[in-house]
Amino acid sequence: MTTTSSLAERRWLILLSSVFSFFAIGSTFFVVPPLVPELVSRFGLSHFKVGLLMGAISVPAVFLAIAVGLAVDRWEPRRVGVFSLGLMLVGAVTFATAPTFGLLFAGRLLFGFGGLVVNLMLARLLTAAFSGRELALAMGVFMATYPASMITVYSLHPILIDLMGWRNELLLLAALVGLAIPLFLVAVGRGESKNAPLEKSRISFKVTPSLAALAATWMLFFAVHSTVLTFAPEWAGGGAAALLTVTIVMWVAMIGSPLIGTLIDRTSSPTWWVVGGLLIQAATLAGAASGLLSPSPAMFGIGLAATLVPTAVYALPGLLVEPERVGFAFGFITSFSNLGTIVGPAAIGVLLDRSGSWSLVWAVLAGIALLATVVSTTVKVRRSRASGSSGSASR
(Lines give C-alpha, C1' and ligand atoms only; values in the text may rest on other atoms or scores of the structure.)
Protein backbone atom coordinates (compact mmCIF):
# COMPACT_ATOMS: atom_id res chain seq x y z
CA MET A 1 0.00 0.00 0.00
CA THR A 2 1.07 3.59 -0.52
CA THR A 3 2.87 4.93 2.55
CA THR A 4 4.48 8.27 3.16
CA SER A 5 7.93 6.64 3.14
CA SER A 6 7.38 4.87 -0.20
CA LEU A 7 6.08 8.05 -1.80
CA ALA A 8 8.96 10.04 -0.32
CA GLU A 9 11.46 7.66 -1.89
CA ARG A 10 9.90 8.23 -5.31
CA ARG A 11 9.05 11.90 -4.79
CA TRP A 12 11.30 13.35 -7.51
CA LEU A 13 10.09 10.79 -10.07
CA ILE A 14 6.51 11.58 -9.08
CA LEU A 15 7.27 15.28 -9.50
CA LEU A 16 8.75 14.65 -12.96
CA SER A 17 5.66 12.71 -14.03
CA SER A 18 3.40 15.39 -12.56
CA VAL A 19 5.25 18.11 -14.43
CA PHE A 20 4.93 16.30 -17.77
CA SER A 21 1.23 15.53 -17.28
CA PHE A 22 0.50 19.10 -16.18
CA PHE A 23 2.42 20.37 -19.21
CA ALA A 24 0.12 18.31 -21.45
CA ILE A 25 -2.94 19.79 -19.71
CA GLY A 26 -1.63 23.34 -19.97
CA SER A 27 -0.66 23.04 -23.63
CA THR A 28 -4.19 22.16 -24.70
CA PHE A 29 -5.75 24.68 -22.32
CA PHE A 30 -3.70 27.57 -23.68
CA VAL A 31 -3.98 26.68 -27.35
CA VAL A 32 -7.31 28.52 -27.77
CA PRO A 33 -6.06 32.15 -27.66
CA PRO A 34 -3.47 31.63 -30.45
CA LEU A 35 -6.15 29.88 -32.50
CA VAL A 36 -8.69 32.72 -32.21
CA PRO A 37 -8.15 33.97 -35.80
CA GLU A 38 -8.57 30.43 -37.19
CA LEU A 39 -11.63 29.68 -35.05
CA VAL A 40 -13.31 32.97 -35.93
CA SER A 41 -12.70 32.61 -39.66
CA ARG A 42 -13.59 28.92 -39.94
CA PHE A 43 -16.44 28.68 -37.44
CA GLY A 44 -17.65 32.30 -37.28
CA LEU A 45 -17.23 32.51 -33.50
CA SER A 46 -17.96 35.60 -31.41
CA HIS A 47 -15.82 36.66 -28.44
CA PHE A 48 -18.49 35.05 -26.25
CA LYS A 49 -18.06 31.65 -27.94
CA VAL A 50 -14.28 31.97 -27.82
CA GLY A 51 -14.63 32.57 -24.08
CA LEU A 52 -16.86 29.48 -23.83
CA LEU A 53 -14.23 27.34 -25.54
CA MET A 54 -11.55 28.68 -23.21
CA GLY A 55 -13.71 27.92 -20.19
CA ALA A 56 -15.25 24.63 -21.40
CA ILE A 57 -12.21 22.69 -20.24
CA SER A 58 -13.12 23.77 -16.70
CA VAL A 59 -16.84 22.90 -16.75
CA PRO A 60 -16.43 19.37 -15.30
CA ALA A 61 -14.46 20.74 -12.37
CA VAL A 62 -17.27 23.06 -11.31
CA PHE A 63 -19.70 20.19 -10.80
CA LEU A 64 -17.39 17.25 -10.08
CA ALA A 65 -14.22 18.54 -8.41
CA ILE A 66 -15.47 18.03 -4.85
CA ALA A 67 -16.65 14.48 -5.56
CA VAL A 68 -13.43 13.67 -7.42
CA GLY A 69 -11.38 15.19 -4.61
CA LEU A 70 -13.09 12.90 -2.11
CA ALA A 71 -12.57 9.94 -4.43
CA VAL A 72 -8.84 10.47 -5.00
CA ASP A 73 -8.41 10.21 -1.23
CA ARG A 74 -9.50 6.59 -1.72
CA TRP A 75 -8.93 5.55 -5.35
CA GLU A 76 -5.94 3.61 -6.62
CA PRO A 77 -3.68 6.17 -8.36
CA ARG A 78 -2.36 3.76 -11.01
CA ARG A 79 -5.75 2.87 -12.49
CA VAL A 80 -7.16 6.35 -12.10
CA GLY A 81 -4.15 7.89 -13.82
CA VAL A 82 -4.44 5.66 -16.87
CA PHE A 83 -8.21 6.25 -17.15
CA SER A 84 -8.03 10.02 -16.76
CA LEU A 85 -5.06 10.48 -19.09
CA GLY A 86 -6.84 8.26 -21.62
CA LEU A 87 -9.93 10.46 -21.39
CA MET A 88 -7.76 13.51 -21.93
CA LEU A 89 -6.37 11.88 -25.05
CA VAL A 90 -9.86 11.24 -26.45
CA GLY A 91 -10.87 14.83 -25.73
CA ALA A 92 -7.75 16.26 -27.33
CA VAL A 93 -8.23 14.23 -30.51
CA THR A 94 -11.92 15.20 -30.65
CA PHE A 95 -11.04 18.89 -30.40
CA ALA A 96 -8.37 18.55 -33.09
CA THR A 97 -10.69 16.88 -35.60
CA ALA A 98 -14.01 18.60 -34.77
CA PRO A 99 -15.95 19.91 -37.81
CA THR A 100 -18.40 21.99 -35.73
CA PHE A 101 -18.43 24.27 -32.71
CA GLY A 102 -20.46 21.67 -30.80
CA LEU A 103 -17.75 19.04 -31.19
CA LEU A 104 -15.05 21.57 -30.37
CA PHE A 105 -16.90 22.24 -27.12
CA ALA A 106 -17.43 18.50 -26.46
CA GLY A 107 -13.74 17.80 -26.95
CA ARG A 108 -12.82 20.47 -24.44
CA LEU A 109 -15.32 19.04 -21.95
CA LEU A 110 -13.88 15.50 -22.22
CA PHE A 111 -10.35 16.81 -21.89
CA GLY A 112 -11.42 18.90 -18.93
CA PHE A 113 -12.84 15.96 -17.00
CA GLY A 114 -9.73 13.87 -17.52
CA GLY A 115 -7.54 16.83 -16.62
CA LEU A 116 -9.54 17.44 -13.45
CA VAL A 117 -8.90 13.94 -12.15
CA VAL A 118 -5.23 14.07 -13.09
CA ASN A 119 -4.74 17.47 -11.47
CA LEU A 120 -6.32 16.53 -8.13
CA MET A 121 -4.60 13.16 -8.00
CA LEU A 122 -1.18 14.66 -8.72
CA ALA A 123 -1.69 17.47 -6.19
CA ARG A 124 -2.55 14.89 -3.55
CA LEU A 125 0.39 12.62 -4.44
CA LEU A 126 2.80 15.56 -4.28
CA THR A 127 1.41 16.71 -0.93
CA ALA A 128 1.99 13.22 0.49
CA ALA A 129 5.35 12.63 -1.19
CA PHE A 130 6.84 15.94 -0.04
CA SER A 131 5.14 15.98 3.36
CA GLY A 132 7.33 17.77 5.90
CA ARG A 133 9.99 18.64 3.33
CA GLU A 134 10.18 21.01 0.36
CA LEU A 135 6.40 20.98 -0.19
CA ALA A 136 6.13 24.60 -1.35
CA LEU A 137 9.20 24.10 -3.56
CA ALA A 138 7.58 21.04 -5.17
CA MET A 139 4.34 22.95 -5.68
CA GLY A 140 6.30 25.85 -7.12
CA VAL A 141 7.92 23.55 -9.69
CA PHE A 142 4.55 21.93 -10.36
CA MET A 143 2.84 25.29 -10.89
CA ALA A 144 5.73 26.55 -13.04
CA THR A 145 4.78 23.88 -15.56
CA TYR A 146 1.59 25.70 -16.49
CA PRO A 147 3.36 28.87 -17.61
CA ALA A 148 5.99 26.76 -19.36
CA SER A 149 3.23 25.13 -21.40
CA MET A 150 1.83 28.52 -22.39
CA ILE A 151 5.26 29.81 -23.40
CA THR A 152 5.80 26.76 -25.56
CA VAL A 153 2.40 26.96 -27.24
CA TYR A 154 2.50 30.73 -27.84
CA SER A 155 6.10 30.65 -29.08
CA LEU A 156 5.81 27.63 -31.39
CA HIS A 157 2.27 28.21 -32.67
CA PRO A 158 3.25 30.52 -35.57
CA ILE A 159 5.85 27.98 -36.70
CA LEU A 160 3.69 24.89 -36.27
CA ILE A 161 0.62 26.31 -37.97
CA ASP A 162 2.74 27.20 -41.01
CA LEU A 163 4.41 23.80 -41.11
CA MET A 164 1.47 21.50 -40.46
CA GLY A 165 -1.77 23.47 -40.11
CA TRP A 166 -3.80 24.07 -36.97
CA ARG A 167 -5.42 20.61 -36.81
CA ASN A 168 -2.11 18.75 -36.96
CA GLU A 169 -0.75 21.14 -34.35
CA LEU A 170 -3.59 20.06 -32.05
CA LEU A 171 -2.91 16.39 -32.79
CA LEU A 172 0.71 16.95 -31.80
CA LEU A 173 -0.47 18.30 -28.45
CA ALA A 174 -2.68 15.23 -28.08
CA ALA A 175 0.40 13.04 -28.56
CA LEU A 176 1.92 14.62 -25.44
CA VAL A 177 -0.97 13.19 -23.42
CA GLY A 178 -0.26 9.75 -24.84
CA LEU A 179 3.38 10.00 -23.76
CA ALA A 180 2.32 11.02 -20.24
CA ILE A 181 0.66 7.64 -19.62
CA PRO A 182 3.76 5.38 -19.53
CA LEU A 183 5.73 8.00 -17.59
CA PHE A 184 3.00 8.10 -14.95
CA LEU A 185 2.98 4.30 -14.65
CA VAL A 186 6.73 4.26 -14.09
CA ALA A 187 6.51 7.01 -11.47
CA VAL A 188 3.74 5.38 -9.45
CA GLY A 189 5.34 1.95 -9.66
CA ARG A 190 3.78 -1.47 -9.31
CA GLY A 191 2.24 -2.74 -6.10
CA GLU A 192 2.03 0.74 -4.56
CA SER A 193 -1.43 1.77 -5.62
CA LYS A 194 -3.44 0.85 -2.56
CA ASN A 195 -4.34 3.66 -0.26
CA ALA A 196 -3.35 3.63 3.37
CA PRO A 197 -6.01 2.78 5.99
CA LEU A 198 -6.10 6.34 7.32
CA GLU A 199 -7.09 7.58 3.87
CA LYS A 200 -10.24 5.41 3.94
CA SER A 201 -11.68 7.10 7.01
CA ARG A 202 -15.22 8.47 7.19
CA ILE A 203 -16.14 10.89 4.42
CA SER A 204 -16.45 14.46 5.68
CA PHE A 205 -17.83 17.43 3.79
CA LYS A 206 -16.87 19.91 6.50
CA VAL A 207 -15.74 23.25 5.07
CA THR A 208 -14.03 25.60 7.47
CA PRO A 209 -14.30 29.39 7.01
CA SER A 210 -10.65 29.52 5.93
CA LEU A 211 -11.11 26.80 3.31
CA ALA A 212 -14.20 28.61 1.99
CA ALA A 213 -12.25 31.89 1.84
CA LEU A 214 -9.39 30.18 0.02
CA ALA A 215 -11.85 28.74 -2.52
CA ALA A 216 -13.43 32.17 -3.11
CA THR A 217 -10.01 33.76 -3.49
CA TRP A 218 -8.90 31.09 -5.96
CA MET A 219 -12.12 31.55 -7.97
CA LEU A 220 -11.71 35.32 -8.24
CA PHE A 221 -8.04 35.03 -9.13
CA PHE A 222 -8.76 32.65 -11.98
CA ALA A 223 -11.70 34.70 -13.23
CA VAL A 224 -9.24 37.54 -13.74
CA HIS A 225 -6.17 35.57 -14.80
CA SER A 226 -7.86 33.36 -17.41
CA THR A 227 -9.62 36.39 -18.89
CA VAL A 228 -6.37 38.29 -19.24
CA LEU A 229 -4.70 35.35 -20.98
CA THR A 230 -7.68 34.92 -23.32
CA PHE A 231 -7.93 38.51 -24.57
CA ALA A 232 -4.51 40.05 -23.94
CA PRO A 233 -3.11 38.89 -27.31
CA GLU A 234 -5.84 40.87 -29.06
CA TRP A 235 -5.29 43.90 -26.79
CA ALA A 236 -1.55 43.75 -27.55
CA GLY A 237 -2.21 44.06 -31.28
CA GLY A 238 -2.60 40.49 -32.42
CA GLY A 239 -0.18 38.36 -34.42
CA ALA A 240 3.01 36.58 -33.43
CA ALA A 241 4.48 39.64 -31.70
CA ALA A 242 1.46 39.96 -29.44
CA LEU A 243 1.63 36.29 -28.48
CA LEU A 244 5.28 36.71 -27.52
CA THR A 245 4.39 39.75 -25.44
CA VAL A 246 1.78 37.78 -23.50
CA THR A 247 4.31 35.01 -22.82
CA ILE A 248 6.06 37.49 -20.52
CA VAL A 249 3.40 36.45 -17.98
CA MET A 250 4.54 32.89 -18.12
CA TRP A 251 8.27 33.53 -18.32
CA VAL A 252 8.03 35.41 -15.03
CA ALA A 253 5.85 32.71 -13.43
CA MET A 254 7.95 29.82 -14.74
CA ILE A 255 11.19 31.26 -13.40
CA GLY A 256 9.78 32.72 -10.23
CA SER A 257 7.47 29.96 -8.95
CA PRO A 258 10.18 27.54 -7.72
CA LEU A 259 12.04 30.45 -6.11
CA ILE A 260 8.90 31.66 -4.36
CA GLY A 261 8.20 28.10 -3.25
CA THR A 262 11.61 27.95 -1.60
CA LEU A 263 10.95 31.25 0.18
CA ILE A 264 7.51 30.12 1.38
CA ASP A 265 9.08 26.98 2.86
CA ARG A 266 11.37 29.19 4.91
CA THR A 267 9.14 32.11 5.87
CA SER A 268 5.67 32.95 7.14
CA SER A 269 2.25 31.58 6.27
CA PRO A 270 1.51 31.25 2.53
CA THR A 271 -1.58 33.42 3.08
CA TRP A 272 0.37 36.66 2.97
CA TRP A 273 2.07 35.66 -0.27
CA VAL A 274 -1.41 35.25 -1.74
CA VAL A 275 -2.40 38.72 -0.51
CA GLY A 276 0.72 40.28 -2.00
CA GLY A 277 0.21 38.60 -5.36
CA LEU A 278 -3.39 39.75 -5.60
CA LEU A 279 -2.44 43.34 -4.78
CA ILE A 280 0.06 43.24 -7.64
CA GLN A 281 -2.60 41.85 -9.97
CA ALA A 282 -5.08 44.59 -9.04
CA ALA A 283 -2.50 47.38 -9.36
CA THR A 284 -1.32 46.11 -12.75
CA LEU A 285 -4.81 45.96 -14.20
CA ALA A 286 -5.59 49.42 -12.84
CA GLY A 287 -2.47 50.67 -14.61
CA ALA A 288 -3.60 49.06 -17.88
CA ALA A 289 -7.08 50.56 -17.51
CA SER A 290 -5.69 54.06 -17.00
CA GLY A 291 -3.27 53.76 -19.88
CA LEU A 292 -0.21 54.05 -17.64
CA LEU A 293 0.97 50.55 -18.54
CA SER A 294 1.59 49.29 -22.07
CA PRO A 295 1.20 45.56 -22.83
CA SER A 296 4.77 44.51 -21.95
CA PRO A 297 4.98 45.96 -18.39
CA ALA A 298 1.36 44.95 -17.79
CA MET A 299 2.15 41.34 -18.68
CA PHE A 300 5.17 41.48 -16.36
CA GLY A 301 2.92 42.53 -13.47
CA ILE A 302 0.40 39.81 -14.26
CA GLY A 303 3.32 37.38 -14.31
CA LEU A 304 4.41 38.43 -10.82
CA ALA A 305 0.90 37.77 -9.55
CA ALA A 306 0.87 34.39 -11.30
CA THR A 307 4.14 33.57 -9.56
CA LEU A 308 2.99 34.37 -6.04
CA VAL A 309 -0.66 33.35 -5.88
CA PRO A 310 -0.80 29.79 -7.34
CA THR A 311 2.33 28.58 -5.54
CA ALA A 312 1.09 29.88 -2.18
CA VAL A 313 -2.47 28.62 -2.71
CA TYR A 314 -1.31 25.08 -3.49
CA ALA A 315 0.80 25.06 -0.32
CA LEU A 316 -2.24 25.91 1.85
CA PRO A 317 -4.70 22.95 1.75
CA GLY A 318 -2.30 20.71 3.68
CA LEU A 319 -2.21 23.39 6.40
CA LEU A 320 -5.97 23.87 6.57
CA VAL A 321 -7.34 20.30 6.78
CA GLU A 322 -6.44 16.88 8.16
CA PRO A 323 -4.05 14.75 6.04
CA GLU A 324 -6.80 12.33 5.01
CA ARG A 325 -8.92 15.22 3.66
CA VAL A 326 -6.30 16.90 1.46
CA GLY A 327 -7.88 15.50 -1.72
CA PHE A 328 -11.26 16.94 -0.71
CA ALA A 329 -9.67 20.33 0.02
CA PHE A 330 -8.00 20.46 -3.38
CA GLY A 331 -11.24 19.37 -5.02
CA PHE A 332 -13.20 22.07 -3.21
CA ILE A 333 -10.93 24.95 -4.20
CA THR A 334 -10.58 23.56 -7.74
CA SER A 335 -14.34 23.57 -8.18
CA PHE A 336 -14.41 27.27 -7.47
CA SER A 337 -11.32 28.16 -9.50
CA ASN A 338 -12.78 26.49 -12.55
CA LEU A 339 -16.05 28.32 -12.05
CA GLY A 340 -14.02 31.50 -12.28
CA THR A 341 -12.28 30.23 -15.41
CA ILE A 342 -15.65 29.60 -17.08
CA VAL A 343 -17.48 32.74 -16.04
CA GLY A 344 -14.59 35.20 -16.32
CA PRO A 345 -13.69 34.97 -20.04
CA ALA A 346 -17.31 34.50 -21.14
CA ALA A 347 -18.64 37.46 -19.12
CA ILE A 348 -15.80 39.77 -20.09
CA GLY A 349 -16.18 38.58 -23.68
CA VAL A 350 -19.78 39.84 -23.62
CA LEU A 351 -18.61 43.14 -22.09
CA LEU A 352 -15.99 43.51 -24.80
CA ASP A 353 -18.45 42.66 -27.59
CA ARG A 354 -20.87 45.33 -26.35
CA SER A 355 -18.52 48.09 -25.26
CA GLY A 356 -15.40 47.61 -27.32
CA SER A 357 -13.54 49.33 -24.47
CA TRP A 358 -10.31 47.82 -23.20
CA SER A 359 -10.12 50.39 -20.41
CA LEU A 360 -13.48 49.24 -19.08
CA VAL A 361 -12.44 45.58 -19.30
CA TRP A 362 -9.22 46.13 -17.34
CA ALA A 363 -10.98 48.34 -14.77
CA VAL A 364 -13.60 45.68 -14.05
CA LEU A 365 -10.91 43.01 -13.71
CA ALA A 366 -8.90 45.27 -11.37
CA GLY A 367 -11.97 45.57 -9.14
CA ILE A 368 -12.38 41.80 -9.03
CA ALA A 369 -8.71 41.37 -8.12
CA LEU A 370 -9.09 43.89 -5.30
CA LEU A 371 -12.09 41.99 -3.97
CA ALA A 372 -10.04 38.79 -4.05
CA THR A 373 -7.34 40.55 -2.02
CA VAL A 374 -9.81 41.43 0.72
CA VAL A 375 -11.21 37.89 0.85
CA SER A 376 -7.74 36.32 1.00
CA THR A 377 -6.89 38.13 4.23
CA THR A 378 -9.47 35.96 6.04
CA VAL A 379 -7.61 32.69 5.29
CA LYS A 380 -6.15 31.59 8.61
CA VAL A 381 -3.76 28.65 8.91
CA ARG A 382 -5.18 26.55 11.73
CA ARG A 383 -2.31 24.10 11.90
CA SER A 384 1.37 24.91 12.12
CA ARG A 385 3.83 23.59 9.55
CA ALA A 386 5.22 21.26 12.14
CA SER A 387 1.89 19.78 13.07
CA GLY A 388 0.93 19.54 9.40
CA SER A 389 4.09 17.65 8.66
CA SER A 390 3.77 15.26 11.54
CA GLY A 391 0.17 14.65 10.75
CA SER A 392 0.99 13.78 7.17
CA ALA A 393 3.88 11.65 8.19
CA SER A 394 1.65 9.53 10.37
CA ARG A 395 -0.05 8.01 7.37
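Whatever comes next refers back to the structure up there.
Residues numbered from 1 in each chain as written. Predicted model: local features only at pLDDT ≥ 70, side-chain atom pairs only at ≥ 80, totals over all residues. Heavy atoms only, no water.

(A) Examining the overall build of the protein more closely. Counting its regular elements, the protein contains 16 helices and 0 strands. For the protein, the share of sequence-separated contacts (at least 6 apart) that also reach a separation of at least 24 residues comes to 88%. Summing over all exposed atoms, the protein offers an accessible surface of approximately 14300 Å²; the carbon and sulfur share of this is 70%. (Helix = DSSP H or I, 4+ residues; strand = E, 2+ residues; numbered from the N terminus. Contact = heavy atoms within 4.5 Å. Areas by Shrake-Rupley, 256 points an atom, 1.4 Å probe, with all protein chains shown as cover.)

(B) Quick look at the environment of threonine 245. Here threonine 245 lies in helix 10 (residues 239-266). Threonine 245 sits 50 residues away from proline 295 along the chain, and the two C-alpha atoms are 7.1 Å apart. When sequence neighbours within four positions are dropped, the list of residues in contact with threonine 245 reads Pro295, Ser296 and Met299.

(C) Representation of the pattern of salt bridges within the structure. Inspection of the entire model under this criterion finds 1 salt bridge. With a closest N to O distance of 2.7 Å, glutamate 38 and arginine 42 form a salt bridge. Separated by 4 residues within a single helix, glutamate 38 and arginine 42 lie in helix 3 (residues 32-43), roughly one turn from each other. Judged by its relative accessible area of 55%, arginine 42 is exposed. (Salt bridge = Lys/Arg side-chain N within 4 Å of Asp/Glu carboxyl O. Buried < 20%, exposed > 50% of the residue type's maximum accessible area, 1.4 Å probe, protein only.)

(D) A look at the packing of helix 6 (residues 77-97) against helix 7 (residues 101-129). Contact geometry for helix 6 and helix 7: axes closest at 7 Å, N-to-C directions at 155°. Judged by the inter-axis angle, helix 6 sits roughly antiparallel to helix 7. Helix-helix and strand crossings are classified by hand; for helix 6 and helix 7 the assignment is left-handed. Residues belonging to the contact of helix 6 with helix 7 are distributed by class as follows: 18 nonpolar, 7 polar and 1 charged. (Axes fitted to C-alpha atoms, helices over the stretch in contact; angles between N-to-C directions. Parallel < 35°, antiparallel > 145°, perpendicular 65-115°, else oblique. Left-handed = near helix turned anticlockwise from the far one by under 90°. Nonpolar A, V, L, I, M, F, W, Y, C, P; charged D, E, K, R; others polar.)

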